[in-house]
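# Remarks on the overall topology
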Amino acid sequence: MKSALLIDEDRVTRHALAQWLREAGWNVLEADEGATGLALALEKKPALILCDLLAPLYTGFQLCRFLRAKPEKLPGTQIVVTASGGYGVDRQTAFQAGADECMVKPILQSDLLRLLKSLQGTPGDTQTTDRLAAPERDDPDFPPLSREAVPEGETLVRFWGVRGSIATPGASTLLFGGNTACVEVRADGQLVVLDAGTGIRPLGLRLAGEFKGVPLCLTLLISHTHWDHIQGLPFFAAAYNPKNRLRILGYEGARAGLLSALSSQMESPYFPVGWQQLPSHIVLRELQQPQFQIGPIKVDTVYLNHPGICVGYRLNTSAGSVAYLPDNEPFQRYKYNADPKAQHGSTEILAFARRMDQKLIDFIHGADILIIDSQYDAEEYQTRVGWGHGCVDDVVALALRANVKRLCLFHHDPTHDDLKLSSMVEWARQFVAALGETLTVDAACEGQEIVLRAAR
Ligand SMILES: [Zn+2]
Ligand SMILES: [Zn+2]
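These numbers were taken from a predicted model, which means no experiment stands behind them. (Residues numbered from 1 in each chain as written. Chains lettered and ligands numbered in written order. Predicted model: local features only at pLDDT ≥ 70, side-chain atom pairs only at ≥ 80, totals over all residues.)

### Comments concerning the overall build of the protein chain
For the protein chain, the helix and strand inventory stands at 13 helices and 19 strands. For 456 residues, the compact-globule estimate of 2.2 N^0.38 gives 23 Å, and the protein chain sits close to it at 22 Å. Overall, the protein chain is about 65 × 55 × 50 Å in size when its C-alpha atoms are taken along their principal axes. Burial status across the protein chain gives 47% buried among its 456 residues. The contacts in the protein chain between residues at least 6 apart in sequence include a share of 69% that link residues at least 24 apart. (Helix = DSSP H or I, 4+ residues; strand = E, 2+ residues; numbered from the N terminus. Rg over C-alpha atoms; globule rule 2.2 N^0.38 Å. Buried ≥ 20, exposed ≤ 12 C-beta atoms within 10 Å, placed from the backbone. Contact = placed C-beta atoms within 7 Å.)

### Observations regarding the domain arrangement of the protein chain
Think of interface size as the accessible area that goes away when the parts come together; that is how it is often given. Here the protein chain is described as being made up of domain 1 (3-118) and domain 2 (154-453). With centres defined by C-alpha atoms, the gap from domain 1 to domain 2 works out at 30 Å. Residue-level contacts link 18 residues of domain 1 with 19 residues of domain 2. Those elements that provide at least two residues to the side of domain 1 that touches domain 2 are α3 (60-69) and α4 (88-96). (Domains from an automatic or database assignment.)

### Digging into the packing of helix α12 (residues 392-401) against helix α13 (residues 418-434)
It is at 10 Å that the axes of α12 and α13 come closest, and there the two elements cross at 40°. Between α12 and α13, the interaxial angle falls into the category oblique. By crossing handedness, the relation of α12 to α13 is classed as right-handed. Contacts between α12 and α13 involve Val 392, Asp 393 and Val 396 from the first element and Met 424, Trp 427, Ala 428, Phe 431 and Val 432 from the second. Residues of the contact of α12 with α13, tallied by class, amount to seven nonpolar, no polar and one charged. (Axes fitted to C-alpha atoms, helices over the stretch in contact; angles between N-to-C directions. Parallel < 35°, antiparallel > 145°, perpendicular 65-115°, else oblique. Left-handed = near helix turned anticlockwise from the far one by under 90°. Nonpolar A, V, L, I, M, F, W, Y, C, P; charged D, E, K, R; others polar.)

### Some details on the pairing of strand β17 (residues 406-410)
Of all the five residues making up β17, four are buried; the element is thus mostly covered by neighbouring parts of the structure. Strand direction decides the pairing type here: strand β16 (residues 369-373) and β17, joined by four bridges, are parallel. Looking at β17, one finds that Asp 373 is bridged to Phe 410. Alignment of β17 against strand β18 (residues 440-443), held across four bridges, turns out to be parallel. From the neighbouring strand, Cys 408 faces β18, where its bridge partner is Asp 442. What joins β17 to β18 is α13, and the crossover it makes is right-handed. (Pairing = 2+ DSSP bridges. Right-handed = clockwise from strand over helix to strand, strands pointing away.)

### Description of the sheet that holds β17
Reading across from one edge, β12-β13-β14-β15-β16-β17-β18 is the order of the seven strands in this open sheet, with mixed pairing throughout. Since the sheet does not close on itself, it has two edges, and those belong to β12 (291-294) and β18, each with one partner. The sheet shows a mean angle of 20° between the axes of neighbouring strands, direction not considered. Contacting β16, β17 and β18, α12 runs over the sheet at an angle of about 155° to β17. Against the sheet, α13 contacts β17 and β18, and its axis sits at roughly 170° relative to β18.

### Notes on the environment of Val 283
Among the structural elements, Val 283 can be located in strand β11 (residues 281-287). C-beta crowding within 10 Å serves as the criterion here: with 12 such atoms nearby, Val 283 is assigned to the exposed category. Distance in space between the C-alpha atoms of Val 283 and Leu 246 is 6.3 Å, their sequence separation being 37 residues.

### Focus: unusual backbone geometry
Most peptide bonds are trans, and most residues other than glycine sit at a negative phi. A cis geometry characterises the amide bond from Lys 105 onward to Pro 106, with omega recorded as 0°. Its identity is not glycine, yet Asn 403 carries a phi of approximately 60°, on the positive side. Among the secondary structure elements, Asn 403 is positioned in the loop between α12 and β17. For Asn 403, a count of 13 C-beta atoms within 10 Å gives the class partly exposed.

### Observations concerning the nonpolar core
Core analysis: the largest hydrophobic core is formed by 112 residues, its most contacted members being Leu 370, Ile 371 and Leu 409. Both domains that meet at this core, namely domain 1 (3-118) and domain 2 (154-453), each give it at least three residues. Excluding residues within four positions of it along the chain, Ile 371 makes contact with Val 183, Ala 323, Tyr 324, Cys 408, Phe 410 and Ala 444. In this structure, Phe 331, Tyr 334, Phe 352 and Met 356 belong to the second largest nonpolar core, which totals six residues. (Core = buried A, V, L, I, M, F, W, Y, C linked by C-beta atoms within 7 Å.)

### Things to note about the packing of helix α2 (residues 34-44) against α3
At a minimum axis separation of 11 Å, α2 and α3 run at an interaxial angle of 25°. It follows that α2 is roughly parallel to α3 by the angle criterion. For the pair α2 and α3, the crossing hand works out as right-handed. On the side of α2, the interface is formed by Gly 34, Gly 37, Leu 38 and Ala 41, while α3 contributes Gln 62, Leu 63 and Leu 67.

### Remarks on the sheet that holds strand β6 (residues 154-161)
In space, the seven strands of this open sheet follow the order β11-β10-β9-β8-β7-β6-β19, with mixed pairing throughout. Two strands lie at the open edges of the sheet, namely β11 and β19 (449-453), each paired on one side alone. Across the sheet, the mean angle separating the axes of adjacent strands is 20° when strand polarity is ignored. As paired strands, strand β10 (residues 245-251) and β11 are joined by seven bridges and run parallel to one another. Looking across to β11, one finds that Leu 249 is bridged to Arg 285.

### Regarding the environment of Asn 179
Relative to the assigned elements, Asn 179 resides in the loop between β6 and β7 (182-187). By C-beta crowding, Asn 179 is classed as buried, having 24 other C-beta atoms within 10 Å. Sequence-wise, Asn 179 and Ser 165 are 14 residues apart; in three dimensions their C-alpha atoms are separated by 9.9 Å. With residues up to four places along the chain from it excluded, the contact list for Asn 179 reads Trp 160, Gly 161, Arg 163, Ala 167, Gly 197, Thr 198, Gly 199 and Glu 446.

Here it is in structure tokens:
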């Protein structure tokens, strides 16, 4: 009997596929994350692997590249990457990684039967790797910063870049700011920077002025490597001080590792200073586990609905929690609008989209501060479905369902001037008030500071 291996965190998806495969005469193996899935694949050599693109520990892309680099280990195994989003770029990347097919979830029984019939393809132009992320080692903790820099019992959030896509300086964006994604968080003795868009440049100048000759240790978390989240890094003054220690953490991108994505933007002819020439002490670590610590701060992560691999972070500090989801398109509306099967009233698709949104709601539940992609208003969103960004109405609804205390609209569209953003905030506040709720809503604004204080 032929064996199929299902790698998917979503139990409902796994069980439905397993049942249909068994009915079709297959022996079924299951794993809820990529590392166990890889071990099972190498041991049992199944004829077919269905692997979720966003499986924990190893993504579908990583598994494909690794298994295709060792064809002698799994001769004849066909690999199907299953993607929650329907982004064309993800499908292309899956094939480049060596997948035989890429299917959009939820997969219906008829889709699966069609797949089983048709799977005879051979991988084309494949990018493989014989390495997977190195096992995570614990970096020695950074010594806590002074109490002057990080007051005890307080968590400070400061916005340095709030724009999405591309920096938009000018008279029309003076109020909210034109720099791309960068948020500073100081808590529990640690300095954490979320993303390295162009806003990290003024942050670097501020830190240089504040710390002067004192060596600085900071942790930079990268959500993903789209330009608006990394482009400021070559201009970050803290990286040019040999006394400073920078720890840069993120996840492997869709096509290339984190180091390659960050360093290639500094290669000639794009930039005059190479990555290796940065004088500060930089440790770059590709993460694998969904949870980790930055000193006493526990950090949780979640995959977001955005082309490629994009991760949201939740910093659980002693004075409260800050959730940062810079680029995300909520599932339910996306599926309704983008998936033709959903438009024909598929209950499976509706149930799947609800489960995906619920996962996000669980992740942000009770957050003191939620910083989240709200790039469009509801009308604009209609013509931008599937671009990987959210709209204000959906984001407010998510925040309310998750009992968030304070919502910061983020990743402002480059075409939105101060007037437009002010009207979007006003709309969001009226929406909240009309529902009789107390959620505080702001549009994140360059230079804005929010302080959380630990309850005594
Ligand atoms: Zn972005
Ligand atoms: Zn992006």
